[in-house]
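# Understanding the architecture of this molecule
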Amino acid sequence: VRYTEWNWMQLQGGAALFYNFLKDLPDLPELRPYVGIRFIWPRIEGFAFTHYFRVEYRAFYRQADKSWNSYFRGRYQFQIANSNFSIGDVKGFVILASIELFEDMSSLVDGIFGDRYRFNFGFGKRVIPNLRIDINYVFHKLNIGGQLESDDHIIRTRFFYNFNWPQDFIQSEERVQD
């Protein structure tokens, strides 16, 4: 859920469910509610610079001993986006680039989930007034206590659907980038 009252700030909250497939251990279901705040500043010649701060509560169900483990994690994302980019004669593309840093807020998970960061490059297009489709390349770097390093290369397709947004908000989406 996202709430935008001002063109310089957006409040967000929600929950996600994940199912983590692990190679040599039992799979790990996860519940992840979160709250976040995004500041949009500055805006320079069609580009919006955003700063997104988010706190997540990560709860894992350990199937082996039928118990829950949980901790809090902080995230910061710096993003540059332009929602009125043109490719040839086709207008109205969204382009973006971001870096995201993660910080586990508990010593219980030190060496388990490790340090990580993520680079994201993408573009999107509004296909109907309320629907935008994005394609992103994500590079995700994970380092678990120097014992395991992982470089993940992800191609992600995302769909953004706005329910009953005012028409002037849809036409001036540069207020906030997803």
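Look a little higher up for the structure.
Attention in this report is confined to the structure presented alongside it. Note that this is a predicted model, so its numbers are computed, not measured. (Residues numbered from 1 in each chain as written. Predicted model: local features only at pLDDT ≥ 70, side-chain atom pairs only at ≥ 80, totals over all residues. Heavy atoms only, no water.)

### Re the packing of aromatic side chains
Put simply, the test is: Aromatic contacts are taken between Phe, Tyr and Trp rings whose centres are within 6.5 Å, Trp giving its six-membered ring; a plane angle under 30 degrees counts as stacked, one over 60 as edge-to-face, and the others as tilted. The helix count covers DSSP runs of H or I at least four residues long, the strand count covers runs of E at least two residues long, and both are numbered beginning at the N terminus.
Following the criterion strictly, the structure yields 12 aromatic pairs and no others. For the pair Phe53 and Tyr76, a centre-to-centre distance of 5.0 Å together with 40° between the ring planes defines the contact as tilted. With Phe53 in strand β4 (residues 47-62) and Tyr76 in strand β5 (residues 67-87), this pair connects stretches of sequence that are 23 residues apart. When the ring of Phe60 is compared with that of Tyr71, the centres are 6.3 Å apart and the planes differ by 15°; the resulting orientation is stacked. Taken as a pair, Phe60 in strand β4 and Tyr71 in strand β5 lie far apart in primary sequence, 11 residues in all.

### Quick look at the pattern of salt bridges
Pairing is possible between side chains of opposite charge, provided their charged atoms come close. The following threshold applies: Just to be clear on terms, a salt bridge is a Lys or Arg side-chain nitrogen sitting within 4 Å of an Asp or Glu carboxyl oxygen. Burial classes: relative accessible area under 20% of the type maximum marks a residue as buried, over 50% as exposed, and values in between as partly exposed (1.4 Å probe, protein chains only).
In this structure the tally under the stated criterion is 11 salt bridges. Notably, a salt bridge pairs Arg32 with Glu30, separated by 2.9 Å at the nearest N-O pair. Here Arg32 and Glu30 have matching classes, each one buried. Between Arg58 and Glu30 there is a salt bridge whose closest N-O contact spans 2.6 Å. Residue Arg58 is found in strand β4, and its partner Glu30 is found in strand β3 (residues 28-44); the two are separated by 28 residues along the sequence. The same class applies to Arg58 and to Glu30, which are both buried. Overlapping salt bridges bring together Glu30, Arg32, Arg54, Glu56, Arg58, Arg73, Arg75, Glu100 and Arg118 as one network.

### Some points on the environment of Asp27
Which entries qualify depends on this criterion: Contact between two residues is taken to exist if any of their heavy atoms lie within 4.5 Å; hydrogens are not considered. Distance and chemistry together define a polar contact, namely a pair of N or O atoms within 3.5 Å, with one atom able to donate a hydrogen and the other to accept it when in protein, and with adjacent residues in sequence counting only for side-chain atoms on both sides.
Its location among the elements puts Asp27 in the loop between β2 (9-20) and β3. Sequence spacing of Asp27 and Gln63 is 36 residues, and the spatial spacing of their C-alpha atoms is 7.5 Å. Every residue in contact with Asp27, bar those within four places of it in the chain, is listed here: Tyr19, Asn20, Phe21, Leu22 and Gln63. Side-chain polar atoms of Asp27 contact the side chain of Tyr19, separated by 3.5 Å.

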